[in-house]
Amino acid sequence: ETKEIHSMIKAWELYMKKSSEIKMNFHVISSTYNESIKNNKFLHYHYDLEDKNVSDLLQKMHFMILPLKPAISINNGSLSVGCIHKCIPIGVFNDRYFDEEFGLKMTNYSLQEFTRVYNLVYNLNEFFVINNLKIEQKVLKYYSYLFYSKTYKGIGLRAPPLFIYT
């Protein structure tokens with residue numbers, strides 16, 4: 001398996017059970033139907049969306065979790081799409097391609113590490129968000145907009161789980 005979706009969702013469930021006053025929304029976008037994710041009362045599940053609907057949803061996001069194993073690389077299409085939509089990526093990044101300032105780094109995809117990141121996101125300030133968006137735009141300058149739009153269309157509905165901070 002190349003993704004840690006179940007650990008990510010389980011950690012979110014535990015986090016929300018302990019912190020019911022938290023005002024964050026968790027959205028999962030998938031190209032396939034999953035009954036257990038759909039019936040999860042702690043998140044919003046979207047599947048089989050048209051590209052336009054995925055884009056509309058991404059425009060409302062501030063963060064995107066990419067639970068990719070072993071690590072997120074620079075040529076990941078979902079990362080590119082998230083950056084285009086100004087989502088701050090979260091995950092285990094391949095150090096070969098990303099410096100310390102890029103995104104929110106995770107050391108692994110354990111329940112504890114997901115919980116640490118959820119707490120971090122909840123307590124972030126506006127300065128951090130604005131600064132990270134500037135860094136992501138630097139990454140995007142290496143590729144043309146046309147390359148990313150082709151990548152987005154190419155991956156279709158294979159967008160990763162998403163996290164909205166409201």
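Computed from a predicted structure; not experimentally measured. (Residues numbered from 1 in each chain as written. Predicted model: local features only at pLDDT ≥ 70, side-chain atom pairs only at ≥ 80, totals over all residues. Heavy atoms only, no water.)

(A) Up close: the overall build of the protein. A tally of regular secondary structure across the protein gives 7 helices and 6 strands. N-terminal to C-terminal, the α/β element order of the protein is α-β-α-β-α-β-α-β-β-α-α-α-β. With 166 residues in all, the protein has 49% of them scored as buried. Taking as baseline every contact in the protein between residues at least 6 positions apart, the subset at least 24 positions apart corresponds to 65%. Accessible area for the protein stands at about 9,100 Å²; split by element, carbon and sulfur atoms hold 52% of it. (Helix = DSSP H or I, 4+ residues; strand = E, 2+ residues; numbered from the N terminus. Buried < 20%, exposed > 50% of the residue type's maximum accessible area, 1.4 Å probe, protein only. Contact = heavy atoms within 4.5 Å. Areas by Shrake-Rupley, 256 points an atom, 1.4 Å probe, with all protein chains shown as cover.)

(B) Spotlight on unusual backbone geometry. Cis geometry marks the peptide bond from Lys69 to Pro70; its omega dihedral reads 0 degrees. Within the secondary structure, Pro70 sits in the loop between strand S3 (63-65) and helix H4 (77-84). We note that Asp48 has phi near 55 degrees; this positive angle belongs to a residue other than glycine. The residue Asp48 is located in the loop between strand S2 (44-47) and helix H3 (51-58) in this model.

(C) Main features of the environment of Ile84. Within the secondary structure layout, Ile84 lies in helix H4. In the structure, Ile84 is positioned 26 residues away from Leu58 in sequence and 9.4 Å away in space, judged by C-alpha atoms.

(D) Up close: the side chain of Asn76. With respect to the element layout, Asn76 can be found in the loop between S3 and H4. Classification of Asn76 by relative accessible area gives buried; the value is 18%. Polar contacts involving the side chain of Asn76 include one to the main-chain amide nitrogen of Ser78, which spans 3.0 Å. In this structure Asn76 touches Leu66 and Leu68, once residues within four positions along its chain are discounted. (Polar contact = N/O pair within 3.5 Å; in protein donor to acceptor, adjacent residues only side chain to side chain.)

(E) Region of interest: the confidence of the model for the protein. Averaged over all residues, the pLDDT of the protein is 77; the fraction at 70 or higher stands at 73%. Contacts for the low-pLDDT stretch residues 142-166, under 50 throughout, to residues beyond four places or in other chains number 75 contacts. (pLDDT = per-residue confidence, 0-100.)

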